[in-house]
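Report on the structure
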Amino acid sequence: GINAEYMGILKMKWAIQYLVLLLSLEVIMSKNFLDYGVATSAFQTEGAWLEDGKSFTIWDDNDHVKGLIIDNSTADIASDSYHLFHQDIAIMKEYGIKHYRMSIAWARILPNGKAGSKVNMKAVEHYRAMLLALREAGIVPYVNLHHNDLPAILRIDFLAGAYDEEFVSHFTYYADICFKYFGDLTPYWFTFDEPWVLSVYDRMEPHELNTKPYILAHNYLLAHAAAVKLYREKYYSTQKGQIGINLLSEMCWPCLLYTSDAADERSSVDLGGRRIIKKT
């Protein structure tokens, strides 16, 4: 059975989680709370998967592989927010929502994905119309540049997507385009959503498990830093916005029944909650 020491750790973990919940509720009920908001990502909601010049994303590739998704469903239409965003915003306004985090589809803005490639102005017009509609509804947008929908062409041409060091320059160019065309309509930016997920759930072979996640995470952090530096030096003086990164992390606790778990826990914490070291 589970020993008493391990049960003590579990109880302490539950107590900490309960305390965090109580503190969170106290903040929510206080006067200083920022109201409440909702969040979506482009791939999960937009649909219109090949309309108006958009190219394939890595998830378009994934969900069109028969059998990869259990019921073979796709996000080709999703909730069709590309066409229905005015109705979506009206519903948010009706519910009293004041803050909305959304993401922009890199493959819409830059169908070729790469630094120096042509900007798709139809996509620019779409996102500007959406941001203007949010402003008119009194809803503050929080714009995320990348939510796990890398243009597939980057993976195809470079065989590795974000694993390639050129990813940093491609992302910075894409970010520059977004700051230029949308920076007057949003005061808040995120570079990446949950980069640890992007790092540890990428395609990789068993022999890459102890190397590739670290290289991916390294490139994401470099790209984040480059985009933040660009915004602060080129756009902040006129746009006065804020820019950051959306992080997700989990706390990991070693099971004291096994002596090797302490090392596994250290690896998990290093990568934000995902065990990388493979037991043999």
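Structural notes, computed from the coordinates.

Thresholds applied
- Residues numbered from 1 in each chain as written.
- Predicted model: local features only at pLDDT ≥ 70, side-chain atom pairs only at ≥ 80, totals over all residues.
- Heavy atoms only, no water.
- Helix = DSSP H or I, 4+ residues; strand = E, 2+ residues; numbered from the N terminus.
- Areas by Shrake-Rupley, 256 points an atom, 1.4 Å probe, with all protein chains shown as cover.
- Buried < 20%, exposed > 50% of the residue type's maximum accessible area, 1.4 Å probe, protein only.
- Salt bridge = Lys/Arg side-chain N within 4 Å of Asp/Glu carboxyl O.
- Axes fitted to C-alpha atoms, helices over the stretch in contact; angles between N-to-C directions.
- Parallel < 35°, antiparallel > 145°, perpendicular 65-115°, else oblique.
- Left-handed = near helix turned anticlockwise from the far one by under 90°.
- Contact = heavy atoms within 4.5 Å.
- Nonpolar A, V, L, I, M, F, W, Y, C, P; charged D, E, K, R; others polar.

So, on to the overall build of the protein chain. In terms of helices and strands, the protein chain carries 11 helices and 5 strands. Split by element, the accessible area of the protein chain, about 15,400 Å² in all, is 59% carbon and sulfur.

Backbone geometry at Ala78 places phi at a positive 50°, although glycine is not the residue there. Structurally, the position occupied by Ala78 is in the loop between helix H3 (58-63) and helix H4 (81-94). In this model, Glu194 sits at a positive phi of 50°, which is unusual for a non-glycine residue. When you line up the elements, Glu194 lands in the loop between strand S4 (188-193) and helix H9 (195-200). For Glu194, a relative accessible area of 24% corresponds to the partly exposed category.

This structure, assessed with the given rule, holds 6 salt bridges. With a closest N to O distance of 2.7 Å, Lys54 and Asp60 form a salt bridge. For the pair Lys54 and Asp60, a shared accessibility class is recorded, and that class is buried. The closest approach of N and O atoms between Asp193 and Arg101, which form a salt bridge, is 3.2 Å.

This part takes up the packing of helix H8 (residues 167-182) against helix H10 (residues 212-239). To describe two helices that pack against each other, one gives the angle between their axes and the distance between the axes. Packing of H8 against H10 brings their axes to within 9 Å, and their N-to-C directions diverge by 30°. By the angle class used here, H8 and H10 are roughly parallel. Crossing hand, H8 versus H10: right-handed. Contacts between H8 and H10 involve Phe167, Val168, Phe171, Thr172, Ala175, Asp176, Phe179 and Lys180 on the former and, on the latter, Asn219, Tyr220, Leu222, Ala223, Ala226, Ala227, Leu230, Tyr231, Lys234, Tyr235 and Gln239. Among the residues making up the contact of H8 with H10, the classes are represented as 13 nonpolar, 3 polar and 3 charged.

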